[in-house]
Amino acid sequence: MSGQAGRVRVAVVFGGRSEEHAISCVSAGSVMAALDPGRYEVVPVGIARDGRWVLPDPDQRLEITEGALPEVTGGRAVSLVGDPEARGLAVLEPGDGTGRALTEVDVVFPVLHGTFGEDGTVQGLLEMTGLPYVGSGVFASAASMDKEFTKKLLAAAGLPQGDHVVLRDEHGAVCADPAVLDEAARERLGLPVFVKPARAGSSIGITRVTDWAQFPAAVAAAAAVDPKVIVEAAVPGREIECGVLAARGSGLPEASLPAEIRLRPGVDWYDFAAKYLDDAAEFDIPADLTPERIAAVQDAARRAYLALDCRGLARVDFFLGTGPDGEDRLVINEVNTMPGFTPISMFARMWAATGVDFAELVDRLVSGALVDGTRPGR
């Protein structure tokens, strides 16, 4: 190992160019605090909103303070070394057109959410450098980030989806024009609908539409985040989540005990403020479900993870309702390949309820990435 006293040197990468920049910072703070200093040497690497990679200043804030969101700003400029034999970072000195080697890195934990972090782009960069990293690879990250293709792949695996439409013109091209959703589609979807950027998370850019007069503004809000806009019919039912971890060694991935999100009275849906800023939801961890329902949720979560070729971890979000004949109706809402690691993260809390505490969870992810990095075709 390249770290001091045989410790594993972990580059924790956070921030990024997406709308989820602040949440990534908070997640990274939790991950770094959980890494055992006796086993791991942490190298924090921040990505500013403009895309600069830096070794952050010592006073870099990584928590939400009185509603103020953290942001990567100053620090020493660094970049990944492209040569796979170098396995590290280079610091870029002011006035120097070259970089000098700063440190070797054993593994990267890209605690990045959203665009340029969770969509396969940084995963491709890390593949080119030859560095092992935590989480899914290029394809699974890209497919899970794009709600349209997540739904297609899960449907192909026989996993149920809610009714939805991606806004495209008559030629099939992505088109953020509200007029392309015709009356027949509106009648089929019904109200309310959720208008979403197809490639974003943390409920950013999402609008709950209860009147079609709201639809043009909702499409504009979603398109400001991503030009591909998806319109989803509301799925009545309980909001259930389940975490998935790669197995220790070989075998099927492990699924956590599920959790349930219950919104407080007066809160219409689980938006960004409800998730991170307001005390707007209650959580049942584990969810109050029968053993049969727990098994069904866990099985569907594993199947979704495998259908998308996920690696390391994922969080699968469901709606659990009742079908027309009174049977359980379990619908997958989305798959998140790098769920939040904030102190209130559902992913961590579900695994804690299952018997895997936060430090062990982070350790398993880093250890698993190191093993995966030695396998051909990872």
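A quick note: this is a predicted structure, and the numbers were derived from the prediction, not measured. (Residues numbered from 1 in each chain as written. Predicted model: local features only at pLDDT ≥ 70, side-chain atom pairs only at ≥ 80, totals over all residues. Heavy atoms only, no water.)

Q: In this structure, what is going on with unusual backbone geometry? I would like to understand it.
A: Glycine aside, residues mostly have negative phi, and peptide bonds are mostly found in the trans state. A cis amide bond links Leu 191 to the next residue, Pro 192, at an omega of 0°. Relative to the elements of secondary structure, Pro 192 occurs in the loop between helix H5 (183–189) and strand S9 (193–197). Of note, the amide linkage connecting Ile 285 to Pro 286 takes the cis form, showing an omega dihedral of 5°. Note on placement: Pro 286 falls in the loop between strand S15 (281–284) and helix H8 (291–307). Of note in this structure, Phe 116 is not a glycine but carries a positive phi near 60°. Here Phe 116 is to be found in the loop between strand S7 (107–110) and helix H2 (121–129). Take Phe 116: its relative accessible area is 35%, and that puts it in the partly exposed class. (Helix = DSSP H or I, 4+ residues; strand = E, 2+ residues; numbered from the N terminus. Buried < 20%, exposed > 50% of the residue type's maximum accessible area, 1.4 Å probe, protein only.)

Q: Any chance you could explain the layout of surface pockets here in plain terms?
A: What the second largest pocket holds in volume is close to 470 Å³. If you go around the second largest pocket, you meet 26 residues; those closest to its centre are Ala 246, Ala 247, Gly 249, Gly 368 and Asp 372. For the lining of the second largest pocket, the secondary structure elements donating two or more residues are H8 and helix H10 (358–372). The element that contributes the greatest number of residues to the lining of the second largest pocket is H10, accounting for seven residues. When grouped by side-chain class, the residues that make up the lining of the second largest pocket number 13 nonpolar, seven polar and six charged. (1 Å grid on protein atoms, 1.4 Å probe; cavity = no way out; pocket = protein on both sides within 12 Å on 5 of 7 lines; lining within 4 Å. Points joined across faces, edges and corners; volume = space filled by probe spheres on them. Nonpolar A, V, L, I, M, F, W, Y, C, P; charged D, E, K, R; others polar.)

Q: What should I look at first to understand the side chain of Glu 334 in this one?
A: Tracing the chain through its elements places Glu 334 in strand S17 (residues 328–336). Summary of buried charges: Glu 334 has no salt-bridge partner, and the nearest side chain of opposite charge, Lys 147, is 4.3 Å away. (Lys, Arg positive; Asp, Glu negative; His and termini not counted. Salt bridge = Lys/Arg side-chain N within 4 Å of Asp/Glu carboxyl O.)

Q: Where do I start with the pairing of strand S3 (residues 53–56) in this structure?
A: Two faces belong to every sheet, and in a regular strand the side chains alternate between them. Burial along S3 is two-sided: the residues Trp 53 and Leu 55 and Val 54 and Pro 56 are all buried. Pairing analysis gives three bridges linking S3 to strand S4 (residues 75–80), with the strands arranged antiparallel. The residue of S4 that forms the bridge with Pro 56 is Gly 75. (Pairing = 2+ DSSP bridges.)

Q: I'm lost on the environment of His 113 in this one. Help?
A: As for its placement among the helices and strands, His 113 is situated in the loop between S7 and H2. Residue His 113 is classed as buried on the basis of its relative accessible area of 3%. Each C-alpha atom of the pair His 113 and Phe 149 lies 18 Å from the other, and the pair is 36 residues apart in sequence. Leaving out residues up to four positions away in the same chain, His 113 has contacts with Ser 18, Glu 20, Ile 23, Ser 24, Ser 27, Glu 118, Met 338, Pro 339 and Gly 340. (Contact = heavy atoms within 4.5 Å.)

Q: Quick question: what am I supposed to make of the pattern of salt bridges here?
A: Two side chains bearing opposite charge may form a pair once their charged atoms approach each other closely. For the structure on display, the rule yields 22 salt bridges. Here Asp 372 and Arg 311 are joined by a salt bridge, their closest N and O atoms 3.9 Å apart. Linking Asp 372 in helix H10 with Arg 311 in the loop between H8 and strand S16 (313–322), this pair joins segments that are 61 residues apart in sequence. Side by side, Asp 372 and Arg 311 carry an identical accessibility label, which is buried. The structure contains a network of salt bridges with shared partners spanning Asp 146, Glu 148, Lys 152, Arg 168, Arg 199, Asp 226 and Lys 228.

Q: Teacher, can you tell me more about empty space enclosed by the protein here?
A: Using a probe with the size of a water molecule, rolled over the atoms, empty space left in the structure can be pinpointed. This structure, assessed with the given rule, holds two cavities of 30 Å³ or more. Here the largest cavity defines a volume of roughly 120 Å³. Along the wall of the largest cavity there are 13 residues; nearest its centre are Ser 144, Met 145, Ala 200, Glu 334 and Val 335. By residue class, the composition of the lining of the largest cavity is three nonpolar, six polar and four charged.

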